[in-house]
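# Examining the three-dimensional arrangement
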Amino acid sequence: MSIEEKGTISIHTENIFPIIKKFLYSDNEIFLRELVSNAVDAVQKIKRLAALGQYSGELGSPLVEVAVDKEKKTITITDNGLGMTAEEIKKYINQVAFSGASEFVEKFKDAKDANEIIGKFGLGFYSAFMVADLVEIQTLSYQEGAEPAKWVCDGSTEFEITAGSRATRGTEITLHVNAESEEFLDNHKIEEILDKYGKFLPVPIKFGTKTVQEPDGEDEEGKPKTIGAEVDNIINTTNPIWTKAPADLSDADYLAFYKQLYPFSEDPLFWIHLNVDYPFNLTGVLYFPKVKNDFDMQRNKIKLFSRQVFITDEVKDIVPEFLMLLHGVIDSPDIPLNVSRSFLQADSNVKKINSYITKKVADKLQELFNKDRKGYEEKWGDIGLFVKYGMVSEEKFNDKAKDFALLTNTKNENFTFDEYREKVKDFQTDKNGQVVYIYSNDPSKQDSFIQSANKKDYDVLLMNSPIDNHFVSHLEQKLEKTALKRVDSSVADKLVEKDEAIESVLTEEQSKKVAGIFEKAITKPGMHVEVVGLNPDELPVTVTMDEFMRRMKDMAQ
Ligand code: ADP
Ligand code: MG
């Protein structure tokens, strides 16, 4: 079979490439992700064909190689995948972009970044023209009797297919890098991009060689010697832990992977291995980090992959908002990666994934709680914030979390909601039959109120985390017949009859006098002065404020 053909592609637009170049330019490093992904796909395909018995030749060791030639100003991506025949080049390479060209021109206005364009129009291969003005394919198909083929295109709509020179199965793509893109001829730059997108690709990616120390016998003293040896520099881990079964992994594996992703982080608290294949496909490992004060720094730490190709660390909408502080990876071919945000929010898979993650996190917390209450309580300081945030913002999560959420009091004791009600209901019920939970949002400032409450056998909850303001209102809405009062509020002092039993050493008249003096000094509405007594361990005078008035005031701030 002789393959020699020249042709012109007829499209309405004279030249699609200037448009592609212009629009993809801001993110042009993506070209490498696309070409390497194609090479990986090609290798995976030949493996599958072999497994299916449709290919019986040598497989060789699967490899994709990236090389930079600074002199010639080229970047080549070589794979030993399934290769292409000339017919296939025409079908897969020529048609891909060109057939969709008019549609592309029609729609490119709406696309916001390179990701969108590439995904929508199957322009993965053509992203090469963002950095190259001439692209060459040398390929040899696995098919019996296939002849090597060569395709060259200079970025115009003209291509040329001729007999190729490749002697072994697979494809070599050479980019003649254009003048504006010479930064990509730098080894460090390429390595950086490969590391970003390809760190966990399923096929070994070679980029040059490196020197390693290998054992080399012993020296005179019998100590082991090493010798430097040149080996392939493989930039990726082909089977990262999220692709494995949880049963095959130890805690050390999960921790090591965490360290690989976030080298300078403290160990995480725990993790959740995600693995589902119906109704959508998703794998991943999510880690609960130790909460630091700089929440913003910790956001967007989840990396999104599609078939082990890194896509983005923008996982908004896919991961519920309240879990945005989690770390780890999610890999799903079912997340539409290349469409706009609004579409993503409406996508049914994305919604399902979002609730799946919520459920998994809730189940994991329940499991930790059931299995090891003490260990769970120790972690509560770190996870409490997530849980409360989740309860406030997601009804479904709230329904589950109410069984494992903890309330912590000023004595640092933890209770579930049910336990707490049981604990305080006999002491802290008001005249209307509501159980009153007393809380402090600033224990250092409210210490005297806390002490005084404790003396009356009232329990005081700690509500001093950033979310607690909302959490207090949330609890009031969700817990039946329950009111929450801040420890310095006036109501906290008037709960049960026994208050009245505390005897003041002052006569009623004297008390009034003292109260009058304090009241004069206080002008804020809603404030109350109470003169309790003058025995040494009693606060003689308390100044309190209506819970309602105080909340109004807080809201106005
Ligand atoms: P996509 O990968 O989304 O299909 P691309 O534009 O990246 O779109 O590639 C178009 C097609 O070209 C691929 O589907 C594949 O059939 C073919 N192709 C590209 N690169 C290779 C390669 N290295 N080996 C074999 N076929 C390839
Ligand atoms: Mg592709």
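So, here's what we can say about the structure. The written sequence of each chain sets the order in which its residues are numbered from 1. Going through the entries in the order they are written, you letter the chains from A and number the ligands from 1. Confidence filtering applies because this is a predicted model: local features only for residues at pLDDT of at least 70, side-chain atom pairs given and counted only at 80 or more, and all residues used for totals across whole chains, interfaces and linings.

## Focus on helix 7 (residues 251-261)
Looking at helix 7, one finds that the buried residues are Tyr-254, Phe-257 and Tyr-258. For helix 7, the arc enclosing every buried residue in end-on projection is 105°, short of the 170-degree limit, so these residues lie on one face. Exposed and oriented more than 90 degrees from the buried face of helix 7 are Ala-252 and Ala-256. Note on contacts: each residue gets a C-beta atom placed from the backbone, and two residues are in contact if those atoms are within 7 Å. Working definition: helices are DSSP H or I runs of at least four residues, strands are E runs of at least two. Numbering for both runs from the N terminus. Contacts from the buried residues of helix 7 go to strand 10 (270-276) and strand 11 (282-288). Comment: burial labels come from other C-beta atoms within 10 Å of the residue's own C-beta, placed from the backbone, where a count of 20 or more is buried, 12 or fewer is exposed, and between is partly exposed. Summarising the geometry, the arc corresponds to the directions from the helix axis toward the C-beta atoms.

## Things to note about unusual backbone geometry
Look at the link from Tyr-278 to Pro-279: it is a cis peptide, with omega at 0°. Residue position: Pro-279 is located in the loop between strand 10 and strand 11. Positioned with a positive phi, Asp-457 is a non-glycine residue whose angle comes to about 70°. In this structure, Asp-457 sits in the loop between helix 14 (447-455) and strand 18 (460-462). Owing to 13 C-beta atoms within 10 Å, Asp-457 belongs among the partly exposed residues under this scheme.

## So, the nonpolar core
Throughout this description, the term nonpolar core refers to a group of buried Ala, Val, Leu, Ile, Met, Phe, Trp, Tyr and Cys residues whose C-beta atoms join them within 7 Å. Membership of the largest hydrophobic core comes to 109 residues, with the highest contact counts inside it found for Val-36, Ala-128, Val-285, Ile-330 and Ile-438. When residues in this core are grouped by element, the largest group, 10 residues, is from helix 2 (residues 30-51). Excluding residues that lie within four positions of it along the chain, Val-285 makes contacts with Ile-241, Trp-242, Tyr-254, Phe-257, Trp-271, His-273, Leu-274, Gly-328 and Val-329.

## Remarks on the sheet that holds strand 19 (residues 482-486)
Either a parallel or an antiparallel arrangement is found when strands of a sheet pair, and the pairing is made through backbone hydrogen bonds. One open sheet accounts for 3 strands, arranged 18-17-19; its pairing is parallel. Each of the sheet's edge strands pairs with one partner strand only, and the pair in question is strand 18 and strand 19. Strand after strand, the sheet turns through a mean of 40° between neighbouring axes, direction not considered. In short, DSSP must find at least two bridges between two strands for them to pair. Pairing between strand 17 (residues 435-440) and strand 18: 3 bridges, direction parallel. Paired with Ile-438 across the strands is Val-460, a residue of strand 18. Axes here refer to lines fitted to C-alpha atoms; in helices the fit is confined to the stretch in contact. Angles between the N-to-C directions go from 0 to 180 degrees. Across the sheet, helix 15 (residues 468-478) is in contact with strand 17 and strand 19; its angle to strand 19 comes to roughly 155°.

## Re the packing of helix 11 (residues 373-393) against helix 15
Following both chains from N to C, one finds helix 11 and helix 15 inclined at 50°, their axes separated by 10 Å at the closest point. Taken together, the axes of helix 11 and helix 15 lie oblique to each other. Helix 11 and helix 15 meet at a crossing whose hand is left-handed. From helix 11, Lys-388, Met-391 and Val-392 reach across to helix 15, where they touch His-470, Phe-471 and His-474. Here roughly perpendicular refers to angles of 65 to 115 degrees, roughly parallel to angles under 35, roughly antiparallel to angles over 145, and oblique to all remaining angles. Left-handed describes a crossing whose near helix is turned anticlockwise from the far helix by less than a right angle; the clockwise case is right-handed.

## Here we look at the sheet that holds strand 14 (residues 327-331)
Strands sit in the order 10-11-14-12-13 across an open sheet of 5 strands; the sheet is mixed. Two strands lie at the open edges of the sheet, namely strand 10 and strand 13 (309-312), each paired on one side alone. Looking at each pair of strands side by side, their axes are set apart by 20° on average, direction ignored. One ladder, built from 7 bridges, connects strand 10 with strand 11; its direction is antiparallel. Counted as the bridge partner of Val-276 is Leu-282 from strand 11.

The quantities given are spatial measurements derived from coordinates; they are silent on function.
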